[in-house]
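In case you want the letters, here they are:
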Amino acid sequence: DDALHYFNNAKDIFEDLENDVGAAVATNNIGEIYRMKGDLNNALLYYNRSMTLNETANNLRLKAITLENIGHINSLLGDKDKALEYYNNSLEIYKNIDDFVGRSQLYLLIAEENIVANEFEDAHRSYENAYQLAMENNQWEQIKESALGLSRVLENKGDYEKSLKFLRIYARYNDSIIKKQ
């Protein structure tokens, strides 16, 4: 509740200063607090308000993040199609601004939606895209997550040798991340 209070105060200050970017960030953060509390309707309300502010501010990175957040809420509400629509819109922005971390993260989210829908070929493609981006940019966390996803998809397809290969990659990066901490 303290975080909500502080972000609401920040939002009000940014609005008084006519700083749309600051107001959009604070509003998005309020949505995130509601999401973490499980209040998905208020989370969606604030993410949509942030989206309106993003239109004025024209901050593409923040717009991509907000679209991703709205997609996540739709996923939690069980609307896969709407979630994928928002994820794909976010992905296009990340591509346009050359944000490989955002793209990799979106591919992982899209793959998870496809797994839930038993669309393993689409999931496989998304995990491969995430893995390739993560490897090209040495993003250990995304390498780990995409390798685990590839292992699961390949196991489902009966390709146990490749599945094991990616499971070993996952384990190696997971161990490395733990040692680094």
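Basis of the calculations
- Residues numbered from 1 in each chain as written.
- Predicted model: local features only at pLDDT ≥ 70, side-chain atom pairs only at ≥ 80, totals over all residues.
- Heavy atoms only, no water.
- Axes fitted to C-alpha atoms, helices over the stretch in contact; angles between N-to-C directions.
- Helix = DSSP H or I, 4+ residues; strand = E, 2+ residues; numbered from the N terminus.
- Parallel < 35°, antiparallel > 145°, perpendicular 65-115°, else oblique.
- Left-handed = near helix turned anticlockwise from the far one by under 90°.
- Contact = heavy atoms within 4.5 Å.
- Nonpolar A, V, L, I, M, F, W, Y, C, P; charged D, E, K, R; others polar.
- Expected span 1.5 Å × (residues − 1).
- Buried < 20%, exposed > 50% of the residue type's maximum accessible area, 1.4 Å probe, protein only.
- Salt bridge = Lys/Arg side-chain N within 4 Å of Asp/Glu carboxyl O.
- Core = buried A, V, L, I, M, F, W, Y, C linked by side-chain atoms within 4.5 Å.
- Phe/Tyr/Trp six-rings, centres within 6.5 Å; stacked < 30°, edge-to-face > 60°.

**Student:** When you look at the packing of helix 1 (residues 2–16) against helix 2 (residues 20–37) in this model, what are you seeing that I'm missing?
**Tutor:** A pair of packed helices is characterised by two quantities: the angle between their axes and the separation of those axes. For the pair helix 1 and helix 2, interaxial distance at closest approach is 8 Å and the crossing angle is 160°. Relative to helix 2, the element helix 1 lies roughly antiparallel. As for the relative orientation of helix 1 and helix 2, their crossing is left-handed in sense. Contact with helix 1, carried on its side by Ala3, Leu4, Phe7, Asn8, Ala10, Lys11, Phe14 and Glu15, involves Gly22, Ala23, Ala26, Thr27, Asn29, Ile30, Ile33, Tyr34 and Lys37 of helix 2 and no other residues of that element. In terms of residue class, the contact of helix 1 with helix 2 is built from ten nonpolar, four polar and three charged.

**Student:** What exactly am I supposed to notice about the packing of helix 6 (residues 100–116) against helix 8 (residues 140–157) here?
**Tutor:** The geometry of helix 6 relative to helix 8 is characterised by a closest axis approach of 11 Å and an angle of 25° between their N-to-C directions. With respect to helix 8, the axis of helix 6 lies roughly parallel. Both helix 6 and helix 8 take part in a crossing whose hand is left-handed. Contacts between helix 6 and helix 8 involve Val101, Ser104, Gln105, Leu108, Glu112 and Ile115 on the former and, on the latter, Gln142, Glu145, Ser146, Arg152 and Val153. Each residue belonging to the contact of helix 6 with helix 8 can be placed in one class, and the counts come to four nonpolar, four polar and three charged.

**Student:** What am I meant to see in helix 7 (residues 120–136) here?
**Tutor:** For an α-helix, the turn length of 3.6 residues means that residues three or four places apart are oriented alike. With 17 residues, helix 7 extends 24 Å from end C-alpha to end C-alpha; this agrees with the ideal 24 Å at 1.5 Å per step. Taken together, the buried positions of helix 7 are occupied by Ala123, His124, Ser126, Tyr127, Ala130, Tyr131, Leu133 and Ala134. Buried positions along helix 7 lie against helix 6, helix 8 and helix 9 (160–180). At the exit of helix 7 stands Asn138, carrying a positive phi of roughly 55°.

**Student:** Got a minute to help me understand the side chain of Lys80 in this structure?
**Tutor:** Mapped onto the elements of the fold, Lys80 is located in helix 5 (residues 80–96). When near neighbours in sequence (up to four residues on either side) are disregarded, Lys80 contacts Glu113, Asn114, Ala117 and Glu119.

**Student:** Can you help me understand the side chain of Asn74 in this one?
**Tutor:** Among the secondary structure elements, Asn74 is positioned in helix 4 (residues 60–76). Taking relative accessible area as the criterion, Asn74 reaches 6% and is therefore assigned buried. Apart from the residues within four sequence positions on either side, Asn74 is in contact with Asp79, Lys82, Ala83 and Tyr86.

**Student:** What am I meant to see in the pattern of salt bridges here?
**Tutor:** Two side chains of opposite charge can pair, provided their charged atoms sit close to one another. Scanning all chains against the criterion turns up 13 salt bridges. Connected through shared salt-bridge partners, Lys11, Asp12 and Glu15 make up one network.

**Student:** Please explain the nonpolar core as it appears in this structure.
**Tutor:** Core analysis: the biggest nonpolar cluster contains 42 residues, and Tyr87, Tyr127, Tyr131, Phe166 and Ile169 have the highest contact counts within it. Looking at this core, the elements with two or more residues in it are helix 2, helix 3 (40–57), helix 4, helix 5, helix 6, helix 7, helix 8 and helix 9. When neighbours within four sequence positions are excluded, Ile169 is seen to be in contact with Tyr131, Ile143 and Ala147.

**Student:** Explanation requested: the packing of aromatic side chains in the structure shown.
**Tutor:** Geometry of an aromatic ring pair is reported as the spacing of the ring centres plus the angle between the planes. Applying the stated criterion across every chain yields a total of three aromatic pairs. Consider the rings of Tyr131 and Phe166, whose centres lie 5.3 Å apart with planes at 85°: the pair is edge-to-face. Of this pair, Tyr131 sits in helix 7 while Phe166 sits in helix 9, placing them 35 residues apart in sequence. Owing to a relative accessible area of 16%, Tyr131 belongs among the buried residues under this scheme.

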